[in-house]
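# Topology and contacts: notes
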Amino acid sequence: MSMILSASVVRVRDGLPLSASTDYDQSTGMQECRKYFKMLSKKLSQLPDRCTLKTGQYNINFISSLGVSYMMLCTENYPSVLAFCFLDELQKEFITTYNMMKTNTAIRPYCFIEFDNFIQRTKQRYNNTRSLSTKMNLADMQTEIKLRPPYQISVSELGSANGFSHIPVGEYKGTGKISAAPHQRLEPVTLPGIVSFVLSLLCGALNLIRGFHAIESLLQNEGEDFSYVIAFFLGTAACLYQCYLFVYYTGWRNAKSFLTFGLICLCNMYLYELRNLWQLFFHVTVGALCTLQIRLRQPQGKSPDYNV
């Protein structure tokens, strides 16, 4: 019998489960599929926004959008058109019910567990396909699946549950190569993000101006320390690189932002004799704010206005 067995909602950037259906099946096959759910959750940010994993007699399908992924487990003979339409319904309801701020700042697993009520109702409708004939345009859905099929993940790509390897983001079946992770779009810019970006540019400009003044002083007085010039220009480079990390997605983006913030702190420590405490506090605070905004601005999936 073809049917949907379970579903869950997961945050893309760290795999935090936000909600899930209440499942009573404790069979060996279901337990194994739950392991695949967890493994996939850790790799969502590296995968396309629509994927399918075939695991013997079960299929795992998921879509990602606006930093949240919607995953479902169904039997292998369940129609993929209905599977992705089910996920699309979950996505639209979740986006309508919860704003992005709540999902981005959630720290507890399953903090939106009340969404399970909607998952269960929708799952019951989709397991009774006769009730769906008047509720959707299957022709449009089928066309969308044919034009942009889900990326097929193999079990071998996942590796072992304890130490699985990198999942290559290769090609969509029949659609050519997809954009790699460095070209992913980031979430919309917030007001604090704009403020941190402008202040970081200001700090970079201040460091650049002080660096040129240090060069002039060095030319006029041979006893001046050239290392101050290096510190100012390193501070400028660090501020500009933080702006770059805020605007564009790169690999190891969060780690790079923390290292850049560390360089800003080191430069200001070295320039302690040339700046007062308020100036030092301003530069370090702006660096910390920009680092936080880089951390909060995560890659987004496809916007929710597509058909599947």
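Residues numbered from 1 in each chain as written. Predicted model: local features only at pLDDT ≥ 70, side-chain atom pairs only at ≥ 80, totals over all residues. Heavy atoms only, no water.

If you look the protein chain up in an unreviewed UniProt entry, it shows as Vesicle-trafficking protein SEC22a from Alaudala cheleensis. Entered under Function (unreviewed entry) in the UniProt record, the comment concerning the protein chain runs "May be involved in vesicle transport between the ER and the Golgi complex." Quoted verbatim from the Sequence similarities (unreviewed entry) heading of the UniProt record, the comment on the protein chain is "Belongs to the synaptobrevin family." (UniProt positions renumbered as here; feature names shortened; annotations may be inferred.)

## Focus on the sheet that holds strand β3 (residues 50-55)
Strands sit in the order β2-β1-β5-β4-β3-β6 across an open sheet of six strands; the sheet is mixed. Unpaired on one side and paired on the other, β2 (17-20) and β6 (151-153) mark the two borders of the sheet. Between one strand axis and the next, the sheet turns by 20° as a mean value, whatever way the strands run. Where β3 and strand β4 (residues 58-65) come together, six bridges link them in antiparallel fashion. Note on β4: the bridge partner recorded for T55 is Y58. Against the sheet, helix α4 (residues 116-127) engages β1 (4-11) and β2, with an angle of about 145° to β1. (Pairing = 2+ DSSP bridges. Helix = DSSP H or I, 4+ residues; strand = E, 2+ residues; numbered from the N terminus. Axes fitted to C-alpha atoms, helices over the stretch in contact; angles between N-to-C directions. Contact = heavy atoms within 4.5 Å.)

## So, the packing of helix α7 (residues 191-220) against helix α10 (residues 277-296)
Their axes nearest at 9 Å, the elements α7 and α10 cross at an angle of 140°. When the interaxial angle is binned, α7 and α10 end up oblique. Between α7 and α10 lies a crossing whose hand is left-handed. Judged by residue contacts, P192, G193, S196, L199, S200, L202, C203, L206 and N207 of α7 engage F282, H283, V286, L289, C290 and Q293 from α10. Class assignment for the residues of the contact of α7 with α10 results in nine nonpolar, six polar and no charged. (Parallel < 35°, antiparallel > 145°, perpendicular 65-115°, else oblique. Left-handed = near helix turned anticlockwise from the far one by under 90°. Nonpolar A, V, L, I, M, F, W, Y, C, P; charged D, E, K, R; others polar.)

## Description of the UniProt feature "transmembrane region" (unreviewed entry) in the protein chain
Following the UniProt record, one finds the feature "transmembrane region" (unreviewed entry) at residues 189-209, 229-248 and 255-272. Taken end to end, residues 229-248 has its terminal C-alpha atoms 29 Å apart, with 95% of it in helix and 0% in strand. Taken end to end, residues 255-272 is 89% helix and 0% strand, and its first and last C-alpha atoms sit 26 Å apart.

## Here's the deal with unusual backbone geometry
Despite not being glycine, Y110 has its phi angle at roughly 60°, a positive value. By secondary structure assignment, the location of Y110 is in the loop between α3 (100-105) and α4. A residue is classified by how much of its surface remains accessible, and Y110, at 40% relative accessible area, is partly exposed. Unlike most non-glycine residues, W252 shows phi in positive territory, near 55°. Looking at the secondary structure, you find W252 in the loop between α8 (226-247) and α9 (253-270). (Buried < 20%, exposed > 50% of the residue type's maximum accessible area, 1.4 Å probe, protein only.)

## Comments concerning the confidence of the model for the protein chain
Summarising the model, the protein chain shows a mean pLDDT of 80, and 80% of its residues fall at 70 or more. In this model, residues 302-308 is a region of pLDDT below 50 whose contacts with residues beyond four sequence positions or in other chains number 26 contacts. (pLDDT = per-residue confidence, 0-100.)

## Thoughts on the packing of α8 against α9
A pair of packed helices can be characterised by two numbers: the angle between their axes and the separation between those axes. Where α8 meets α9, the closest approach of the two axes is 9 Å, and the angle between their N-to-C directions is 155°. The angle between the axes of α8 and α9 places the two elements in the roughly antiparallel class. Crossing of α8 against α9: the hand is left-handed. When α8 is examined against α9, the residues S227, Y228, A231, L234, G235, A238, C239, Y241, Q242, L245 and F246 are found in contact with a partner set consisting of R253, K256, S257, T260, F261, L263, I264, C267 and Y270. In terms of residue class, the contact of α8 with α9 is built from 13 nonpolar, five polar and two charged.

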